[in-house]
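# Examining the three-dimensional arrangement
The lines below spell out each chain.
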Amino acid sequence: MRSLLFTASLLATTLSSVQAAYSLKDSWSGSNFLSNFDFFTASDPTHGFVQYVDASTASSLGLTKVQNGAVIIKADNTTVSSSAGRKSVRITSKKAYTKGLFIFDVNHVPFGCGTWPAMWTVGPDWPNNGEIDIFEGVNKQSTDSMTLHTKQGCTMPSSRNQKGTTVTSNCWVNAPGQSSNQGCGVTNNQATSYGDNLNNAGGGVYVTQWGADGIYIWWFQRSAIPANIKSGAPDTSTWGKPDAAFPLGSSCPNDFFANHNIVVDLTFCGDWAGSVWGSSGCPGSSCNSYVQNNPSAFNDAYWSINSFKVYQ
Ligand SMILES: *[C@@H]1O[C@H](CO)[C@@H](O)[C@H](O)[C@H]1NC(C)=O
């Protein structure tokens, strides 16, 4: 009996450590990166001053290219825009995922007045399958915003095991007392998590662990990337507190999140960057007119991506 129990507990320990290990499902980089994405060319659902271009237009205008092994995805920074908006790129992964460990290695992110860059995941029939905003901000924002958006019935506890600061706790897009579609947001407190500071640190990795018990986001600037990420054997138990913790369970069912595509986009002005223009410290009274008329203000409006890796 004793030895049987011992064997059973040994087996359970072995099984759980086997289950905890991730294996690499997808790895996109360099010239194989963009073929995993569709280009979104409809008008921006967030009402940005942007013209999203298709794959061949992006390539011929130099808005997408591979440079020194990194994938560059950028906005037009050479022409005064038409009244339709500044040309830019929004891509959606062909594959969709439910749960997993997502490691986005970026060298450079878009930054500056008028910009609204985002790296995020989203399910079909929004908001019924949820949205996870991993990297997002507007204008001269200082650090990253991490946010979930859901249907009604998902809230976050007031006390969470995270390094970041809770902004709002109701993830429902129509939550009373929150701005329309605000979701439940957490501000990253690491200075290198956004903008010029991120770029000057040589970038780093955004890691999202999406499991049955929660969604957790870590930012590691380049000099602080854990060795087990670099070696391809990521072990979340060694990383300490995440920057954002979104526990799932009775207050937010985990089936509110399913079949997520990965999206990378850069829009301008619109529902967020435009609506806060007056308090952003950016020049003039109109975000759209600034974005339209100042192409050279968008020299920093580009992504440089080393790789996206998905483990499950
Ligand atoms: C546009 O931005 C890129 C960086 O994305 C820069 O290398 C280039 O010089 C800029 N073009 C002009 C005309 O300023």
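The preceding data block contains the structure.
Keep in mind that what you see is a predicted model, and the values were worked out from it rather than measured. (Residues numbered from 1 in each chain as written. Predicted model: local features only at pLDDT ≥ 70, side-chain atom pairs only at ≥ 80, totals over all residues. Heavy atoms only, no water.)

Moving on: the site of the ligand. All residues in the neighbourhood of the ligand are listed as Lys74, Asn77, Thr78, Asn299 and Tyr302. At a separation of 3.3 Å, an oxygen atom of the ligand approaches a polar backbone atom of Asn299. A total of 360 Å² of accessible area belongs to the ligand in isolation, and the protein chains cover 48% of it. Residues of the shell around the ligand, tallied by class, amount to one nonpolar, three polar and one charged. (Near = heavy atom within 4 Å. Polar contact = N/O pair within 3.5 Å; in protein donor to acceptor, adjacent residues only side chain to side chain. Areas by Shrake-Rupley, 256 points an atom, 1.4 Å probe, with all protein chains shown as cover. Nonpolar A, V, L, I, M, F, W, Y, C, P; charged D, E, K, R; others polar.)

Within the fold, Ser289 resides in helix α6 (residues 287-293). It is 9.8 Å that separates the C-alpha atoms of Ser289 and Cys269, two residues lying 20 residues apart in sequence. (Helix = DSSP H or I, 4+ residues; strand = E, 2+ residues; numbered from the N terminus.)

Note that Ser88 resides in strand β6 (residues 86-88). Judged by relative accessible area, which is 1%, Ser88 ranks as buried. A polar contact of 2.7 Å, which involves the side chain of Ser88, links it to the backbone oxygen of Leu266. Excluding its chain neighbours within four sequence positions, the residues that come into contact with Ser88 are Val50, Gln51, Tyr52, Val53, Leu63, Lys74, Ala75, Leu266 and Phe268. (Buried < 20%, exposed > 50% of the residue type's maximum accessible area, 1.4 Å probe, protein only. Contact = heavy atoms within 4.5 Å.)

This part takes up the pattern of salt bridges. Enumeration according to the criterion identifies three salt bridges in this entry. Salt-bridge contacts for Asp76 lead to Arg86; the nearest nitrogen and oxygen are separated by 3.6 Å. Of this pair, Asp76 sits in the loop between β5 (70-74) and β6 while Arg86 sits in strand β6, placing them 10 residues apart in sequence. In this structure, Asp76 and Arg86 share a single accessibility class: buried. Asp105 is the salt-bridge partner of Arg222, the closest N and O atoms lying 2.8 Å from each other. (Salt bridge = Lys/Arg side-chain N within 4 Å of Asp/Glu carboxyl O.)

Limitation: the analysis is restricted to geometry and does not speak to function.
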